[in-house]
Amino acid sequence: MDELSIREAIDKEVRSLGGILLDNPELDKRYIYTIENFEKRGKGACDLIVSQLPSIKEITFKVIDNYKVGAFATGFSGIYFIGIHRGAISSLLMLFDRILADSNHFGYLGDVSLCSENLPHIPHIGLNYEYAVDYVPVFYPPKCPIRFHYARHLCRLCVDLLTAHELTHIIHGHCDYGFSQYQENFVADVINNHVVAQDKLLIRKTLEMDADSNATEILLSSELDRCRGRNKLPATYLKWLYERPGMVLMQYAHISSILFRLFGDNRLSDKSFEYSSYPSPRLRSVISLLRTRRIAQFKTISEQMKFDLDEFGLPIVMQAGFKTMEEIYLSISGKDRADESIDDAWGTVGQDQLNSLINYWNSSLKERLKPFSHVNLSDYPLLETLA
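Reading the values: the criteria
Residues numbered from 1 in each chain as written. Predicted model: local features only at pLDDT ≥ 70, side-chain atom pairs only at ≥ 80, totals over all residues. Heavy atoms only, no water. Buried < 20%, exposed > 50% of the residue type's maximum accessible area, 1.4 Å probe, protein only. Helix = DSSP H or I, 4+ residues; strand = E, 2+ residues; numbered from the N terminus. Pairing = 2+ DSSP bridges. Salt bridge = Lys/Arg side-chain N within 4 Å of Asp/Glu carboxyl O. 1 Å grid on protein atoms, 1.4 Å probe; cavity = no way out; pocket = protein on both sides within 12 Å on 5 of 7 lines; lining within 4 Å. Points joined across faces, edges and corners; volume = space filled by probe spheres on them. Nonpolar A, V, L, I, M, F, W, Y, C, P; charged D, E, K, R; others polar. Disulfide = S-S within 2.5 Å. pLDDT = per-residue confidence, 0-100. Contact = heavy atoms within 4.5 Å. Phe/Tyr/Trp six-rings, centres within 6.5 Å; stacked < 30°, edge-to-face > 60°. Lys NZ or Arg CZ within 6 Å of the ring centre and 35° of its normal. Axes fitted to C-alpha atoms, helices over the stretch in contact; angles between N-to-C directions. Left-handed = near helix turned anticlockwise from the far one by under 90°.

(A) Inspection of the pairing of strand β2 (residues 71-76) at higher detail. In terms of burial, β2 is a largely internal element, six of the six residues being buried. The alternating pattern of β2 places Ala71, Ala73 and Gly75 and Phe72, Thr74 and Phe76 on opposite faces, both of which are buried. Where β2 meets strand β3 (residues 79-85), six bridges bridge the pair, whose relative direction is antiparallel. Paired with alanine 71 across the two strands is isoleucine 84, which belongs to β3. Between the end of β2 and the start of β3, which pair antiparallel, lie two residues, with serine 77 showing a positive phi angle near 55 degrees.

(B) Inspection of the pattern of salt bridges at higher detail. Within this structure, the stated rule accounts for 27 salt bridges. In this structure, glutamate 3 engages arginine 7 in a salt bridge whose closest nitrogen and oxygen atoms are separated by 3.0 Å. Placement of both glutamate 3 and arginine 7 in helix α1 (residues 3-16) is noted, with a separation of four residues, approximately one turn of the helix. For arginine 7, a relative accessible area of 32% corresponds to the partly exposed category. Between aspartate 225 and arginine 228 there is a salt bridge, and its shortest N-O distance comes to 3.5 Å. Via salt bridges that share partners, Glu3, Arg7, Lys57 and Glu58 belong to a single interconnected network.

(C) Spatial organisation of empty space enclosed by the protein. Within this structure, the stated rule accounts for four cavities of 30 Å³ or more. Of the volumes computed, that of the largest cavity is approximately 140 Å³. Every residue lining the largest cavity is counted, 13 residues in all, and those nearest its centre are Leu290, Leu354, Ile358, Tyr380 and Pro381. Within the residue set of the lining of the largest cavity, elements represented by two or more residues are α7 (198-227), α11 (281-290) and α15 (348-369). Along the lines of polarity and charge, the residues of the lining of the largest cavity split into nine nonpolar, one polar and three charged. Lining the second largest cavity we find Leu161, Leu162, His165, Asp212, Ala215, Thr216, Leu259, Phe260, Phe263, Arg284 and Ser288. Counting only elements with at least two residues in the lining of the second largest cavity, the list comes to α5 (145-171), α7, α9 (245-261) and α11.

(D) Layout of the state of the cysteines. Enumeration according to the criterion identifies zero disulfides in this entry. You can see cysteine 227 has no disulfide; the closest cysteine sulfur is in cysteine 158, sitting 18 Å from it.

(E) Local environment of the confidence of the model for the protein chain. Here the protein chain averages 93 in pLDDT, and 95% of its residues register 70 or above. Note on residues 189-193: pLDDT under 50 across the span, and 18 contacts to partners over four residues away in sequence or across chains.

(F) A look at unusual backbone geometry. One non-glycine residue with positive phi stands out, namely asparagine 118, at about 55 degrees. Relative to the helices and strands, asparagine 118 is located in the loop between α3 (86-100) and α4 (129-133). By relative accessible area, asparagine 118 is classed as exposed at 78%. The phi torsion at lysine 306 lies on the positive side, around 55 degrees, for a residue other than glycine. On the basis of relative accessible area, lysine 306 is assigned to the exposed category, the value being 64%.

(G) Seen up close, the packing of aromatic side chains. Per the stated rule, a full pass over the model turns up 12 aromatic pairs. Each ring, one from tyrosine 177 and one from phenylalanine 372, has its centre 5.8 Å from the other, and the planes form 80 degrees; the classification is edge-to-face. Here the residue tyrosine 177 occupies a position in helix α6 (residues 174-182), and phenylalanine 372 occupies one in the segment after α15, the gap between them amounting to 195 residues. Take tyrosine 177 and phenylalanine 372: they sit in the same class, and that class is buried. Three or more aromatic residues link up through ring pairs in this structure, and these residues are Phe106, Tyr108, Tyr150 and Trp240. One residue, lysine 205, lies across the ring of phenylalanine 273, its end atom 5.0 Å from the ring centre.

(H) Summary view of the pairing of β3. Counting buried residues in β3 gives seven out of seven residues, a clear majority hidden from the surface. Of the two faces of β3, the one carrying Ile79, Phe81, Gly83 and His85 and the one carrying Tyr80, Ile82 and Ile84 are both buried. By the bridge criterion, seven bridges tie strand β1 (residues 58-64) to β3 in an arrangement that is parallel. Each bridged residue has a counterpart across the sheet, and for isoleucine 64 the counterpart in β3 is histidine 85.

(I) Just the environment of isoleucine 59, in detail. Of note, isoleucine 59 is situated in strand β1. Put simply, isoleucine 59 and isoleucine 49 are 10 residues apart on the chain and 8.5 Å apart in space, counted from C-alpha to C-alpha. When neighbours within four sequence positions are excluded, isoleucine 59 is seen to be in contact with Cys46, Ile49, Val50, Tyr80, Ile82, Leu167 and Ile170.

(J) Region of interest: the packing of helix α2 (residues 29-52) against α5. Interhelical geometry of α2 versus α5 gives an angle of 35 degrees and a closest axis separation of 11 Å. In terms of crossing hand, the pair formed by α2 and α5 is right-handed. Along the contact surface, α2 presents Phe38, Arg41, Ala45, Cys46 and Ile49, while α5 presents Cys155, Arg156, Val159, Asp160, Thr163, Leu167 and Ile171. A class-by-class count of the residues in the contact of α2 with α5 yields eight nonpolar, one polar and three charged.

Quick look at the structure:
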């Protein structure tokens, strides 16, 4: 495929999913400023990858005019495009504004006396921003400046995690593999419900496992480097947080938990796993968190800090962060508590499903991706508890 054909294929994919948001002439100026900031941040991440990998010519990053909560990567042979749906950004902004406007959450941060009372539930927060806001009365963002800016900080980290996921689809050769083998954008929108042939389902689930896992490596290694003074702090008021690696790990658990929670809470079962294009949202949270223990920066800091670890080798502060954000989600959505899907994901059902993906990656898919990957690919260790 020549360069012109690649660009035409990318353009067709972008237009089919809604087109570039900033091309819309009717946008509010304040909203344009917000979107431009997210695009600048995403472009910076993409440019860094391009500067490090000579085999990648360009990665364009844009926000897409689509109200679904999703993202996608597309492209081939060194020319790529990452799109983040406006629905993802808008949903996350609304979600974290609601959380930080409430004095019941993150009470250690800022001035909770400025928090609002009688805040509405967001019962339909999930995969479609328009559907969610149709049922939510107007409420105001956090009045405390620190809580307001921290809400934005958490939103940016979630979008960073989505971006890192899509970057993995590119740098690990997922996009090129799809075009080469199937003449289509094999790595599609993260909530794409198109029917997929049975022989592709295991491949797609395994690619998503790889992207979720490596996205943690990309984002959390950078966050932990802030603790070590190797990366710039996102804001001076967060100096206290980045001086405490345990808080940074808990913060990562917060964003990982809430982001994947938006994709659903369905139970894990062998049948649904077999016919799904993606691991269940709960299992994706497990995949994301488990990568922590393999990150070099974490290993170094853990040896210094002597973290208390759970049976999976994760600091107990991460499980605490996961559970805290789960409680917050239930509080702001008004949903009833149901732990079955979480127990499935961390239990034998989730372990068996994840290990089936790992075995497929190690035994087959990794080798098939190597001709298309821009980096060296490694095996994944099988999941087992340390207890």
